[in-house]
Amino acid sequence: MPDFPAAATQRARVRVPLRFQDGYRVDAELVTFHGLTDGLEHVAVVLGDPAPGTTPLVRLHSECLTGDVFGSARCDCGPQLREAVERIAERGGVLLYLRQEGRGIGLYNKLDAYALQDQGLDTYAANAALGLPEDDRDYTAAAQMLNALGIGELDLLSNNPDKAAQLRALGIEVGDRVPTGVFATPDNVRYLRAKVLQTQHTLPLGDLAELSAG
């Protein structure tokens, strides 16, 4: 049996109007927490209002300074964040913004891994070459946040099967796993292909192969 997370509690809620560079606007509530197991300052972004009987749509989004803030084309994180906010707002649900830069290895290590990728390694092999885990993310705090928000059942907006598996093991009922859009560019196609081949992300490998060949 899994070790279920200890209870966390809501610390504060504040209304924040969100504005994106493409002109999209939506109001959100940002929620902070007491008692998260890893001690990090994760934030829940509550968007929309699910209709009665509707399962909320939830995304676990790992912080990506390069993609979310600076618009780096080496990953698909920024476009995924933008897409997730709108899709969740339309249906009602929550985006958990998790402070897990670089799949949990941190910003500096992620940039070191980028340098190795420039030498031909894929994103997972680069982590391993630095003596780091391929993916060091633990979603216990995410389960605590969901419990504190009163969400025990959800549909998960994600291409990553590990997120759903970890949430289920932590007592969260995951119904559908809803794929995100595909935000492939010549700069990130090798990264996306590695996610499909190494960790079974649900992305269309054929389309990525065509872009890579082009």
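The structure under discussion appears in the preceding block.
Attention in this report is confined to the structure presented alongside it. (Residues numbered from 1 in each chain as written. Predicted model: local features only at pLDDT ≥ 70, side-chain atom pairs only at ≥ 80, totals over all residues. Heavy atoms only, no water.)

**Examining helix α6 (residues 161–169)**
Residues three or four positions apart in an α-helix share a direction because the helix packs 3.6 residues into each turn.
Here comes step 1: When we look at burial in α6, the residues that qualify are Lys163, Ala164, Gln166 and Leu167. Down the axis of α6, the smallest arc covering the buried residues is 165°, so these residues share one side.
Here comes step 2: The N-terminus of α6 is capped by Asn160, whose side-chain oxygen sits 3.0 Å from the backbone nitrogen of Asp162.
Here comes step 3: Of the residues flanking the end of α6, it is Gly171, one or two places downstream, whose phi is positive at about 95°. (Buried < 20%, exposed > 50% of the residue type's maximum accessible area, 1.4 Å probe, protein only. Helix = DSSP H or I, 4+ residues; strand = E, 2+ residues; numbered from the N terminus. Arc of directions from axis to C-beta. Polar contact = N/O pair within 3.5 Å; in protein donor to acceptor, adjacent residues only side chain to side chain.)

**A short note on the packing of aromatic side chains**
Here comes step 1: Under the definition given, this model contains one aromatic pair.
Here comes step 2: Taking 6.1 Å as the distance between ring centres and 40° as the angle between the ring planes, the aromatic pair formed by Phe20 and Tyr24 counts as tilted.
Here comes step 3: Residue placement shows Arg74 over the ring face of Tyr114; its charged tip is 4.2 Å from the ring centre.
Here comes step 4: A cation over an aromatic ring shows up here: Arg103 above the ring of Tyr124, its NZ or CZ 4.4 Å from the ring centre. (Phe/Tyr/Trp six-rings, centres within 6.5 Å; stacked < 30°, edge-to-face > 60°. Lys NZ or Arg CZ within 6 Å of the ring centre and 35° of its normal.)

**Here we look at the environment of Leu81**
Here comes step 1: Structurally, Leu81 can be placed in helix α2 (residues 77–91).
Here comes step 2: Judged by relative accessible area, Leu81 falls into the buried class, the value being 14%.
Here comes step 3: Spatially, the C-alpha atom of Leu81 lies 8.9 Å from that of Leu95, the residues being 14 residues apart in sequence.
Here comes step 4: The residues contacting Leu81, other than those within four sequence positions of it, are His61, Asp68, Leu95 and Tyr97. (Contact = heavy atoms within 4.5 Å.)

**Brief notes about the sheet that holds strand β5 (residues 93–98)**
Here comes step 1: Overall, mixed pairing links the seven strands, which are arranged β1-β2-β3-β5-β4-β6-β7 in an open sheet. Unpaired on one side and paired on the other, β1 (9–19) and β7 (173–178) mark the two borders of the sheet. Put simply, the sheet's adjacent strands are angled 30° from each other on average, direction ignored.
Here comes step 2: Pairing between strand β4 (residues 57–62) and β5: six bridges, direction parallel. Paired with Arg59 across the two strands is Leu95, which belongs to β5.
Here comes step 3: Against the sheet, α2 makes contact with β1, β2 (25–34), β3 (43–47), β4, β5, β6 (153–157) and β7, and its axis sits at roughly 160° relative to β4, the strand it touches most.
Here comes step 4: Most of the contacts of helix α5 (residues 140–148) go to β5, to which it runs at about 145°, and overall it touches β1, β2, β3, β4, β5 and β6. (Pairing = 2+ DSSP bridges. Axes fitted to C-alpha atoms, helices over the stretch in contact; angles between N-to-C directions.)

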